[in-house]
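# Observations on the model geometry
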Amino acid sequence: MYITSDIKYIGVNDHKVDLFEGQYAVENGMAYNSYVIMDEKIAVMDTVDAAFGDEWLANLKAELCGRTVDYLIVQHMEPDHSANIARFMELNPGTTVVATAAAFNMMKAFFGTDYADRRMIVGEGATLELGKHTLTFVMAPMVHWPEVMVTYDAADKVLFSADGFGKFGALDVEEDWACEARRYYIGIVGKYGAQVQALLKKASALDIQIICPLHGPVLTENLGYYINLYNIWSSYSVESEGVMLAYTSVYGNTKKAVLELEELLKKGGCPKVVVCDLAREDMAEAVEDAFRYGKLVLATTTYNGEIFPFMKQFIDHLTERGYQNRTVGFIENGSWAPVATRSMRKHFENSKNITFLDATVTIKSALNDESRAQLEAMANELL
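Structure report, in brief.

### Structural notes on the pattern of salt bridges
Side chains that differ in sign of charge can pair as their charged atoms come close. The final tally for this structure, using the stated rule, is 16 salt bridges. By sharing partners, the salt bridges in this structure join Glu180, Arg183, Asp282 and Glu285 into a single network.

Have a look at this one:
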């Protein structure tokens, strides 16, 4: 596949994987992207997952037409992109590896060698001349590993963006970009918003017309749309107006309260209400929605003097990813000693810019007139 006249796609689609990184469900598989730049000198951009080495090498061979590779550029050392480095270097003894110092340290750990006699260590602003194409390396530490860099090709105005602007899903499946890119970003990169903001600032100084990520489709049109979403996500801003109601319920009474609150919000004209049963919905999908909307209500039972396990897991996912700039409310249920609100609120004590609703709903076993009045007060505060 041609990206430009000189840049070819040599990546692979993976429809065997069920859980990416051991936790993210990927019904439509994954793409492991790699590219080759054909010039006076030839550069390959990253490798692919270990299981697809043969396919990747065949794709590369088909594009080389008998020529040899001068440089292997390694932007990211996560094994879904780096696993074939050692195999490639063994097959191509004349190739030089180009990467950051931190990446070479990781190569030593992964492969037992840091290619000291065949390497080029690059830092911020370093360049590599291929002929017509001049590559500039931009450091992107902790987006989302410490060794990461991205690469800008001035000739074709292409940004090779490493894991940035990636998404779940193989390239031979049609699906909405934003949904799976959001779930990918929040789940994998979400903790590192400040570092992504720093990279976006650097990228804003470049004339970028094509973005080539390591996962997901090559982006060639309406780049402002994708960059704006990345700015929203990495600044922890609100993407969509609405309220998410996330709950766990043992015997149905907490769920009933959430559904009554949903109706109150809809009747009040709330633009969007998302209801999530944390015991049944994919956790990554739930986390994605919590970051998408500006208001969140957490409803759960008191459980062993704490909160129900799925709710605790959900809140942990939010806080470890830097959840902030949101409004949060609580619904608690407890037959004899409801303390879930106190516990949930404590879990956010280190979170930034969280506004807690004044209205709190306390249910003792089942809804009654008092707790329904609290639901109405909460709905009015959310609207």
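After presenting the structure, the write-up continues.
### As for unusual backbone geometry
In this structure, histidine 144 follows valine 143 across a cis peptide bond, with omega equal to 5 degrees. The residue cysteine 65 is not glycine, and still its phi comes out positive at about 50 degrees. A positive phi is found at alanine 162, a non-glycine position, where the angle reads about 55 degrees.

### Description of helix 6 (residues 193–203)
Looking only at helix 6, the buried set comprises Gly193, Val196, Leu199, Leu200 and Ala203. The buried residues of helix 6 occupy one face: seen down the axis, they fall within an arc of 120 degrees. Of the exposed residues in helix 6, the ones pointing more than 90 degrees away from its buried face are Ala194 and Lys201. Each element contacted by the buried residues of helix 6 is listed here: strand 12 (134–139), strand 13 (149–153), helix 5 (177–189) and helix 7 (223–234).

### Focus on the environment of alanine 279
Structurally, alanine 279 is set in the loop between strand 17 (273–277) and helix 9 (283–292). On a C-alpha basis, the gap between alanine 279 and phenylalanine 308 in space is 9.7 Å, while along the polypeptide they are 29 residues apart.

### Some words on the side chain of glutamine 324
Note that glutamine 324 resides in the loop between helix 10 (309–320) and strand 20 (326–333). Of note is the side chain of glutamine 324, whose polar atom sits 2.8 Å from the backbone oxygen of glycine 322. If near-sequence neighbours (up to four positions away) are discounted, glutamine 324 is found in contact with Tyr236, Lys352, Asn353 and Ile354.

### Quick word on the side chain of aspartate 46
Inspection of the secondary structure assignment puts aspartate 46 in the loop between strand 7 (43–45) and helix 1 (53–64). Buried aspartate 46, no salt bridge; nearest opposite-charge side chain is arginine 118, N-O distance 16 Å. If we skip the residues at most four places from it in the chain, aspartate 46 touches Ser34, Trp56, Leu72, Ile73, Val74, Gln75, His76, His81 and Leu214.

### What about the sheet that holds strand 7?
A sheet is described by the order of its strands in space; here 6 strands give the open sequence 1-6-7-8-9-10, paired in mixed fashion. With one partner strand each, in any of the chains shown, strand 1 (7–9) and strand 10 (119–121) form the two edges of the open sheet. Along the sheet, successive strands turn relative to each other by an average axial angle of 20 degrees, direction set aside. Note: strand 9 (residues 96–99) against strand 10, 3 bridges, orientation parallel. Counted as the bridge partner of valine 98 is methionine 120 from strand 10.

### As for the packing of aromatic side chains
Centre distance and the angle of the planes are the two values used to describe a pair of aromatic rings. Counted by the stated rule, this structure contains 21 aromatic pairs. Ring plane angle 15 degrees and centroid distance 6.3 Å describe the contact between tryptophan 177 and tryptophan 233, whose orientation is recorded as stacked. Residue tryptophan 177 is located in helix 5, and its partner tryptophan 233 is located in helix 7; the two are separated by 56 residues in the primary sequence. An identical accessibility class is assigned to tryptophan 177 and tryptophan 233; each is buried. On the basis of an interplanar angle of 70 degrees and a centroid distance of 5.1 Å, the ring pair of tyrosine 185 and tyrosine 230 is categorised as edge-to-face.

What counts, and at which threshold
- Residues numbered from 1 in each chain as written.
- Predicted model: local features only at pLDDT ≥ 70, side-chain atom pairs only at ≥ 80, totals over all residues.
- Heavy atoms only, no water.
- Salt bridge = Lys/Arg side-chain N within 4 Å of Asp/Glu carboxyl O.
- Buried < 20%, exposed > 50% of the residue type's maximum accessible area, 1.4 Å probe, protein only.
- Helix = DSSP H or I, 4+ residues; strand = E, 2+ residues; numbered from the N terminus.
- Arc of directions from axis to C-beta.
- Contact = heavy atoms within 4.5 Å.
- Polar contact = N/O pair within 3.5 Å; in protein donor to acceptor, adjacent residues only side chain to side chain.
- Lys, Arg positive; Asp, Glu negative; His and termini not counted.
- Pairing = 2+ DSSP bridges.
- Axes fitted to C-alpha atoms, helices over the stretch in contact; angles between N-to-C directions.
- Phe/Tyr/Trp six-rings, centres within 6.5 Å; stacked < 30°, edge-to-face > 60°.

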